[in-house]
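Given next are the chains, with one letter for each unit.
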Amino acid sequence: MQHGKYRFIVGFLALPLGLYALFVVWPFIQSIYYSFTDWTGLSPEFKMVGFDNYSRMLDDDIFWKSLQHSLLFALLLPVVTIGLALFFAFMINVGGRKRRNGPVITGVRGSGFYKIVYFFPQVLSIAIVALLFAFAYNPDSGAINSLLRGIGLDDVQPLWLGDPDLALWAVMGVLVWSTVGFFVVLFSAGMASIPAEMYEAALLDGANRFTTFFRVTLPLLWDTVQSGWVYMGILALGAESFAVVQIMTTGPGGPDYSTTVMVLYVYQKAFRDGQAAYATTIGVALLVVTLAFAAVVMRLGRRERLEY
(Lines give C-alpha, C1' and ligand atoms only; values in the text may rest on other atoms or scores of the structure.)
Protein backbone atom coordinates (compact mmCIF):
# COMPACT_ATOMS: atom_id res chain seq x y z
CA MET A 1 0.00 0.00 0.00
CA GLN A 2 2.97 2.36 0.57
CA HIS A 3 4.55 1.70 -2.84
CA GLY A 4 4.16 4.75 -5.08
CA LYS A 5 2.16 6.64 -2.46
CA TYR A 6 3.98 9.94 -2.86
CA ARG A 7 3.92 9.83 -6.66
CA PHE A 8 0.17 9.24 -6.42
CA ILE A 9 -0.32 12.19 -4.04
CA VAL A 10 1.87 14.53 -6.08
CA GLY A 11 0.06 13.53 -9.26
CA PHE A 12 -3.27 14.60 -7.82
CA LEU A 13 -2.04 17.77 -6.08
CA ALA A 14 0.29 19.17 -8.74
CA LEU A 15 -2.42 20.68 -10.97
CA PRO A 16 -4.64 22.23 -8.25
CA LEU A 17 -1.61 23.59 -6.38
CA GLY A 18 -0.22 24.99 -9.62
CA LEU A 19 -3.51 26.74 -10.40
CA TYR A 20 -3.72 28.05 -6.83
CA ALA A 21 -0.18 29.43 -7.04
CA LEU A 22 -0.89 31.04 -10.42
CA PHE A 23 -4.23 32.66 -9.64
CA VAL A 24 -3.94 33.31 -5.86
CA VAL A 25 -0.34 33.38 -4.62
CA TRP A 26 1.18 35.13 -7.65
CA PRO A 27 -1.31 38.07 -7.58
CA PHE A 28 -0.50 38.56 -3.90
CA ILE A 29 3.22 38.69 -4.73
CA GLN A 30 2.54 41.15 -7.55
CA SER A 31 0.49 43.38 -5.24
CA ILE A 32 3.28 43.50 -2.68
CA TYR A 33 5.76 44.36 -5.45
CA TYR A 34 3.60 47.16 -6.89
CA SER A 35 3.11 48.64 -3.44
CA PHE A 36 6.76 49.75 -3.59
CA THR A 37 6.24 51.61 -6.88
CA ASP A 38 4.40 54.69 -8.17
CA TRP A 39 2.34 52.74 -10.71
CA THR A 40 -0.89 54.48 -11.74
CA GLY A 41 -2.55 51.36 -13.12
CA LEU A 42 -2.85 52.99 -16.57
CA SER A 43 0.72 53.41 -17.71
CA PRO A 44 3.17 50.51 -18.26
CA GLU A 45 5.95 52.71 -16.88
CA PHE A 46 6.62 53.09 -13.18
CA LYS A 47 9.54 53.42 -10.80
CA MET A 48 10.40 52.13 -7.37
CA VAL A 49 9.62 54.50 -4.48
CA GLY A 50 10.49 52.28 -1.53
CA PHE A 51 8.28 52.70 1.52
CA ASP A 52 6.77 56.02 0.41
CA ASN A 53 3.33 54.49 -0.09
CA TYR A 54 3.40 52.91 3.36
CA SER A 55 4.44 56.23 4.95
CA ARG A 56 1.61 57.95 3.11
CA MET A 57 -0.84 55.28 4.28
CA LEU A 58 0.12 55.75 7.92
CA ASP A 59 -0.53 59.51 7.59
CA ASP A 60 -3.86 59.03 5.75
CA ASP A 61 -6.82 59.85 8.00
CA ILE A 62 -9.28 58.20 5.61
CA PHE A 63 -7.26 54.98 5.73
CA TRP A 64 -7.48 54.93 9.53
CA LYS A 65 -11.23 55.54 9.34
CA SER A 66 -11.64 52.69 6.87
CA LEU A 67 -9.50 50.42 9.04
CA GLN A 68 -11.61 51.25 12.08
CA HIS A 69 -14.82 50.46 10.21
CA SER A 70 -13.41 47.20 8.80
CA LEU A 71 -12.29 46.07 12.24
CA LEU A 72 -15.73 46.92 13.61
CA PHE A 73 -17.28 44.79 10.88
CA ALA A 74 -14.88 41.92 11.58
CA LEU A 75 -15.50 41.99 15.35
CA LEU A 76 -19.24 42.63 15.56
CA LEU A 77 -20.74 40.98 12.48
CA PRO A 78 -19.52 37.44 13.29
CA VAL A 79 -20.67 37.78 16.91
CA VAL A 80 -24.18 38.89 15.97
CA THR A 81 -24.59 36.64 12.94
CA ILE A 82 -23.19 33.47 14.53
CA GLY A 83 -25.11 34.13 17.76
CA LEU A 84 -28.43 34.56 15.97
CA ALA A 85 -27.78 31.58 13.72
CA LEU A 86 -26.99 29.32 16.69
CA PHE A 87 -30.14 30.43 18.49
CA PHE A 88 -32.41 29.90 15.48
CA ALA A 89 -30.80 26.57 14.58
CA PHE A 90 -31.10 25.31 18.16
CA MET A 91 -34.78 26.27 18.31
CA ILE A 92 -35.48 24.69 14.94
CA ASN A 93 -33.79 21.39 15.79
CA VAL A 94 -34.08 21.04 19.58
CA GLY A 95 -36.46 23.75 20.78
CA GLY A 96 -39.79 22.02 20.22
CA ARG A 97 -42.05 20.61 22.91
CA LYS A 98 -42.31 16.89 23.51
CA ARG A 99 -45.23 15.48 21.60
CA ARG A 100 -47.36 12.58 22.72
CA ASN A 101 -45.84 9.28 21.58
CA GLY A 102 -43.05 11.24 19.95
CA PRO A 103 -39.32 11.59 20.55
CA VAL A 104 -38.11 13.46 23.62
CA ILE A 105 -36.00 15.84 21.53
CA THR A 106 -37.67 17.52 18.60
CA GLY A 107 -37.67 20.79 16.71
CA VAL A 108 -40.45 23.34 16.55
CA ARG A 109 -43.40 22.65 14.29
CA GLY A 110 -42.73 23.64 10.70
CA SER A 111 -38.96 23.58 11.18
CA GLY A 112 -38.41 22.66 7.52
CA PHE A 113 -40.38 25.73 6.44
CA TYR A 114 -38.35 27.95 8.76
CA LYS A 115 -35.10 26.69 7.25
CA ILE A 116 -36.33 27.68 3.79
CA VAL A 117 -37.38 31.12 5.02
CA TYR A 118 -34.06 31.75 6.76
CA PHE A 119 -32.09 30.55 3.74
CA PHE A 120 -34.11 32.62 1.23
CA PRO A 121 -31.75 35.68 1.29
CA GLN A 122 -28.94 33.39 0.09
CA VAL A 123 -30.65 32.87 -3.28
CA LEU A 124 -30.57 36.64 -3.86
CA SER A 125 -27.48 38.41 -5.12
CA ILE A 126 -25.91 40.70 -2.54
CA ALA A 127 -26.34 43.51 -5.08
CA ILE A 128 -30.11 42.89 -5.18
CA VAL A 129 -30.27 42.81 -1.38
CA ALA A 130 -28.37 46.10 -1.16
CA LEU A 131 -30.70 47.75 -3.68
CA LEU A 132 -33.81 46.54 -1.85
CA PHE A 133 -32.58 47.87 1.47
CA ALA A 134 -31.47 51.14 -0.11
CA PHE A 135 -35.10 51.67 -1.12
CA ALA A 136 -36.32 50.52 2.30
CA TYR A 137 -34.01 53.01 4.06
CA ASN A 138 -35.27 55.94 1.96
CA PRO A 139 -36.29 58.56 4.56
CA ASP A 140 -39.28 59.82 2.55
CA SER A 141 -40.81 56.82 0.80
CA GLY A 142 -38.93 53.87 2.29
CA ALA A 143 -40.73 50.96 3.91
CA ILE A 144 -39.09 51.42 7.32
CA ASN A 145 -40.05 55.06 7.86
CA SER A 146 -43.46 54.42 6.30
CA LEU A 147 -44.01 51.68 8.88
CA LEU A 148 -42.98 54.05 11.67
CA ARG A 149 -45.47 56.62 10.40
CA GLY A 150 -48.13 53.95 10.11
CA ILE A 151 -47.87 53.07 13.81
CA GLY A 152 -47.98 56.71 14.87
CA LEU A 153 -44.25 57.42 15.24
CA ASP A 154 -44.22 60.41 12.92
CA ASP A 155 -41.55 62.09 15.01
CA VAL A 156 -39.20 59.14 14.60
CA GLN A 157 -38.04 59.45 11.00
CA PRO A 158 -34.28 58.71 10.88
CA LEU A 159 -32.26 59.54 7.81
CA TRP A 160 -30.64 56.11 8.09
CA LEU A 161 -28.04 56.17 5.31
CA GLY A 162 -27.85 59.98 5.44
CA ASP A 163 -26.94 60.16 9.11
CA PRO A 164 -23.20 59.63 9.83
CA ASP A 165 -24.08 58.13 13.21
CA LEU A 166 -26.57 55.61 11.78
CA ALA A 167 -25.29 54.77 8.31
CA LEU A 168 -22.67 52.22 9.35
CA TRP A 169 -25.11 50.40 11.65
CA ALA A 170 -27.73 50.34 8.89
CA VAL A 171 -25.24 48.71 6.54
CA MET A 172 -24.24 46.17 9.18
CA GLY A 173 -27.89 45.24 9.68
CA VAL A 174 -28.19 44.40 6.00
CA LEU A 175 -25.15 42.13 6.16
CA VAL A 176 -26.56 40.30 9.18
CA TRP A 177 -29.94 39.82 7.45
CA SER A 178 -28.35 38.52 4.26
CA THR A 179 -25.93 36.03 5.86
CA VAL A 180 -27.60 34.66 9.00
CA GLY A 181 -29.74 32.18 7.02
CA PHE A 182 -26.70 30.42 5.58
CA PHE A 183 -25.33 29.73 9.04
CA VAL A 184 -28.75 28.62 10.31
CA VAL A 185 -28.79 25.89 7.69
CA LEU A 186 -25.13 25.05 8.31
CA PHE A 187 -25.57 24.72 12.07
CA SER A 188 -28.86 22.86 11.63
CA ALA A 189 -27.05 20.22 9.59
CA GLY A 190 -24.46 19.88 12.35
CA MET A 191 -27.07 19.66 15.11
CA ALA A 192 -29.04 17.05 13.19
CA SER A 193 -26.00 14.77 13.29
CA ILE A 194 -25.71 14.90 17.12
CA PRO A 195 -27.22 11.70 18.56
CA ALA A 196 -30.53 12.30 20.32
CA GLU A 197 -29.37 10.01 23.14
CA MET A 198 -27.01 12.73 24.34
CA TYR A 199 -29.84 15.21 24.72
CA GLU A 200 -32.04 12.60 26.41
CA ALA A 201 -29.29 11.74 28.88
CA ALA A 202 -28.80 15.43 29.69
CA LEU A 203 -32.53 15.92 30.25
CA LEU A 204 -32.69 12.88 32.52
CA ASP A 205 -29.87 14.43 34.57
CA GLY A 206 -32.01 17.53 35.06
CA ALA A 207 -30.43 19.82 32.49
CA ASN A 208 -32.59 22.62 31.08
CA ARG A 209 -32.42 23.98 27.53
CA PHE A 210 -29.83 26.61 28.45
CA THR A 211 -27.51 24.02 30.00
CA THR A 212 -28.11 21.58 27.15
CA PHE A 213 -27.06 24.16 24.59
CA PHE A 214 -23.80 25.15 26.31
CA ARG A 215 -22.89 21.67 27.61
CA VAL A 216 -23.92 19.47 24.69
CA THR A 217 -24.72 21.34 21.49
CA LEU A 218 -22.02 24.01 21.40
CA PRO A 219 -19.04 21.78 22.33
CA LEU A 220 -19.99 19.18 19.72
CA LEU A 221 -20.58 21.91 17.12
CA TRP A 222 -17.50 23.95 17.96
CA ASP A 223 -15.43 23.09 14.84
CA THR A 224 -18.29 24.20 12.61
CA VAL A 225 -18.80 27.38 14.64
CA GLN A 226 -15.10 28.21 14.44
CA SER A 227 -15.02 27.71 10.66
CA GLY A 228 -18.16 29.83 10.30
CA TRP A 229 -16.59 32.54 12.45
CA VAL A 230 -13.54 32.77 10.18
CA TYR A 231 -15.69 32.67 7.04
CA MET A 232 -18.00 35.41 8.31
CA GLY A 233 -15.04 37.58 9.27
CA ILE A 234 -13.56 37.25 5.80
CA LEU A 235 -16.93 38.20 4.28
CA ALA A 236 -17.13 41.22 6.58
CA LEU A 237 -13.65 42.35 5.53
CA GLY A 238 -14.08 41.59 1.85
CA ALA A 239 -16.57 41.35 -0.97
CA GLU A 240 -19.82 41.44 1.01
CA SER A 241 -19.03 44.67 2.83
CA PHE A 242 -17.73 46.26 -0.38
CA ALA A 243 -20.88 45.45 -2.37
CA VAL A 244 -23.27 46.73 0.30
CA VAL A 245 -21.36 49.95 1.01
CA GLN A 246 -20.73 50.64 -2.69
CA ILE A 247 -24.39 50.27 -3.64
CA MET A 248 -26.23 51.63 -0.62
CA THR A 249 -24.26 54.61 0.63
CA THR A 250 -23.76 58.09 -0.74
CA GLY A 251 -20.32 58.85 -2.08
CA PRO A 252 -20.04 55.84 -1.83
CA GLY A 253 -18.60 55.49 1.65
CA GLY A 254 -20.39 58.52 3.05
CA PRO A 255 -21.65 60.61 4.48
CA ASP A 256 -18.29 62.08 5.55
CA TYR A 257 -16.53 58.70 5.13
CA SER A 258 -18.67 57.25 7.91
CA THR A 259 -19.15 53.94 6.04
CA THR A 260 -15.85 53.68 4.14
CA VAL A 261 -14.24 50.26 4.59
CA MET A 262 -10.78 49.17 3.50
CA VAL A 263 -11.84 47.15 0.49
CA LEU A 264 -13.91 50.08 -0.82
CA TYR A 265 -10.99 52.45 -0.29
CA VAL A 266 -8.76 50.12 -2.32
CA TYR A 267 -11.30 50.18 -5.16
CA GLN A 268 -11.63 53.97 -5.08
CA LYS A 269 -7.90 54.61 -5.13
CA ALA A 270 -7.29 52.12 -7.93
CA PHE A 271 -10.19 52.80 -10.30
CA ARG A 272 -11.44 56.28 -9.38
CA ASP A 273 -8.21 58.10 -8.56
CA GLY A 274 -5.77 56.15 -10.75
CA GLN A 275 -3.43 55.38 -7.85
CA ALA A 276 -2.98 51.65 -8.29
CA ALA A 277 0.27 51.46 -6.33
CA TYR A 278 -1.24 53.17 -3.30
CA ALA A 279 -4.32 50.94 -3.64
CA THR A 280 -2.15 47.82 -3.54
CA THR A 281 -0.48 49.20 -0.41
CA ILE A 282 -3.86 49.41 1.31
CA GLY A 283 -4.61 45.94 -0.09
CA VAL A 284 -1.48 44.60 1.60
CA ALA A 285 -2.69 46.11 4.88
CA LEU A 286 -6.07 44.45 4.32
CA LEU A 287 -4.31 41.11 3.72
CA VAL A 288 -2.44 41.48 7.02
CA VAL A 289 -5.65 42.33 8.89
CA THR A 290 -7.48 39.34 7.38
CA LEU A 291 -4.68 36.89 8.17
CA ALA A 292 -4.37 38.28 11.70
CA PHE A 293 -8.11 37.94 12.23
CA ALA A 294 -8.13 34.30 11.06
CA ALA A 295 -5.06 33.47 13.17
CA VAL A 296 -6.54 35.02 16.32
CA VAL A 297 -9.87 33.23 15.88
CA MET A 298 -8.19 29.89 15.25
CA ARG A 299 -5.86 30.39 18.23
CA LEU A 300 -8.48 31.55 20.71
CA GLY A 301 -10.96 28.93 19.52
CA ARG A 302 -8.56 26.03 19.86
CA ARG A 303 -9.85 23.32 22.12
CA GLU A 304 -9.81 19.55 22.45
CA ARG A 305 -11.71 17.88 19.65
CA LEU A 306 -14.87 16.08 20.79
CA GLU A 307 -16.15 13.12 18.84
CA TYR A 308 -19.39 11.16 19.07
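Check the entry above for the structure.
Residues numbered from 1 in each chain as written. Predicted model: local features only at pLDDT ≥ 70, side-chain atom pairs only at ≥ 80, totals over all residues. Heavy atoms only, no water.

## A few points about the side chain of Ser35
Next, step 1: Here Ser35 shows up in the loop between α1 (5–34) and α2 (52–58).
Next, step 2: Every residue in contact with Ser35, bar those within four places of it in the chain, is listed here: Gly50, Asn53, Tyr54, Ala277, Thr280, Thr281 and Val284. (Helix = DSSP H or I, 4+ residues; strand = E, 2+ residues; numbered from the N terminus. Contact = heavy atoms within 4.5 Å.)

## Focus on the packing of helix α4 (residues 111–119) against helix α7 (residues 167–192)
Next, step 1: Between α4 and α7, the least distance of the axes is 7 Å, while the angle of their chain directions is 140°. Two packed elements cross with a definite hand, and for α4 against α7 that hand is left-handed. Residue-level contacts link Lys115, Tyr118 and Phe119 of α4 to Gly181, Phe182, Val184, Val185 and Ser188 of α7.
Next, step 2: When the residues that make up the contact of α4 with α7 are grouped by side-chain class, the tally is five nonpolar, two polar and one charged. (Axes fitted to C-alpha atoms, helices over the stretch in contact; angles between N-to-C directions. Left-handed = near helix turned anticlockwise from the far one by under 90°. Nonpolar A, V, L, I, M, F, W, Y, C, P; charged D, E, K, R; others polar.)

## Let's talk about unusual backbone geometry
Next, step 1: Looking along the chain, the bond that leaves Gly251 and enters Pro252 is cis, with omega of -10°.
Next, step 2: Within the secondary structure, Pro252 is located in the loop between α11 (239–248) and α12 (262–272).
Next, step 3: Following Gly254, the chain continues to Pro255 via a peptide bond in cis, the omega torsion being 0°.
Next, step 4: With respect to the element layout, Pro255 can be found in the loop between α11 and α12.
Next, step 5: In this structure, Tyr257 takes a positive phi of about 60° despite not being glycine.

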